[in-house]
Amino acid sequence: MSLHWHPDEDVTPTPREVDNMASVLEGQHGLHAADVAEFFSSFHSHKGDAGRCWAWAGVAEKVRQRTRQRLQQN
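Note that the structure is a prediction, hence the values are computed from the model and not measured.

> Mind laying out the pattern of salt bridges, listing which residues take part and the relevant values?
Here the structure, examined in full by the defined rule, presents 7 salt bridges. Here lysine 62 makes a salt bridge to aspartate 19, at a shortest N to O gap of 3.3 Å. Here lysine 62 is found in helix α3 (residues 50-73), whereas its partner aspartate 19 is found in helix α1 (residues 15-29), with 43 residues between them in sequence. A relative accessible area of 27% means that aspartate 19 is categorised as partly exposed.

Written out as structure tokens, the structure reads:
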């Protein structure tokens, strides 16, 4: 991971980064984690930043997948 952010860089997250961000959001926001990720996705969409929009949408989907898996285990 780069220590310096550059606005024109490719922001496509690795699968590990998506997993990590999903974990952080779940830890911080619990049941609202997917909604928080969707908020960031929408925010970046409105700003015209398709890469970050897509990245946050991937995090939201990962959170939803984990939620479905937990519900199926019960």
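> Kindly report on the packing of α1 against α3, identifying the contributing residues and their values.
One can describe the packing of α1 onto α3 by two numbers: an axis separation of 9 Å at closest approach and a directional angle of 65°. It follows that α1 is roughly perpendicular to α3 by the angle criterion. Every pair of crossing elements has a handedness; the one defined by α1 and α3 is right-handed. Only Trp56, Gly58, Val59, Lys62, Val63, Arg66 and Arg70 of α3 make contact with α1, whose side of the interface consists of Val18, Asp19, Met21, Ala22, Ser23, Leu25 and Glu26.

> So what's going on with the packing of helix α2 (residues 33-46) against α3? Residues and values would help.
Viewed as axis vectors pointing N to C, α2 and α3 meet at an angle of 165°, and their least axial separation amounts to 8 Å. By the criterion of interaxial angle, the relationship of α2 to α3 is roughly antiparallel. The hand of the α2/α3 crossing is left-handed. For the pair formed by α2 and α3, the contact residues are Ala33, Ala34, Ala37, Glu38, Phe40, Ser41, His44 and Ser45 on the first element and Arg52, Cys53, Trp56, Ala57, Val59, Ala60, Val63 and Arg64 on the second.

> Can you lay out the nonpolar core for me, pointing to particular residues and giving the numbers?
Counting 11 residues, the largest nonpolar core is built from Val18, Ala22, Leu25, Ala33, Ala34, Val36, Ala37, Trp56, Val59, Ala60 and Val63. Sorting the residues of this core by element identifies α1, α2 and α3 as the ones contributing at least two each. Leave out the neighbours within four places in its chain, and valine 63 touches Ala22, Glu26, Ala33 and Ala34.

> So what's going on with the environment of glutamate 26? Residues and values would help.
Structurally, the position occupied by glutamate 26 is in helix α1. Relative accessible area serves as the criterion here: at 18%, glutamate 26 is assigned to the buried category. C-alpha of glutamate 26 to C-alpha of valine 36: the two residues are 10 residues apart in sequence and 9.7 Å apart in space. Residues contacting glutamate 26, with those up to four places away along its chain left out, are Ala33, Val63, Arg66 and Arg70. Within the structure, the side chain of glutamate 26 is placed 3.4 Å from the side chain of arginine 70, a separation counted as a polar contact.

Cut-offs used in this document
Residues numbered from 1 in each chain as written. Predicted model: local features only at pLDDT ≥ 70, side-chain atom pairs only at ≥ 80, totals over all residues. Heavy atoms only, no water. Salt bridge = Lys/Arg side-chain N within 4 Å of Asp/Glu carboxyl O. Helix = DSSP H or I, 4+ residues; strand = E, 2+ residues; numbered from the N terminus. Buried < 20%, exposed > 50% of the residue type's maximum accessible area, 1.4 Å probe, protein only. Axes fitted to C-alpha atoms, helices over the stretch in contact; angles between N-to-C directions. Parallel < 35°, antiparallel > 145°, perpendicular 65-115°, else oblique. Left-handed = near helix turned anticlockwise from the far one by under 90°. Contact = heavy atoms within 4.5 Å. Core = buried A, V, L, I, M, F, W, Y, C linked by side-chain atoms within 4.5 Å. Polar contact = N/O pair within 3.5 Å; in protein donor to acceptor, adjacent residues only side chain to side chain.

Shape is all these values report; function is a separate question.
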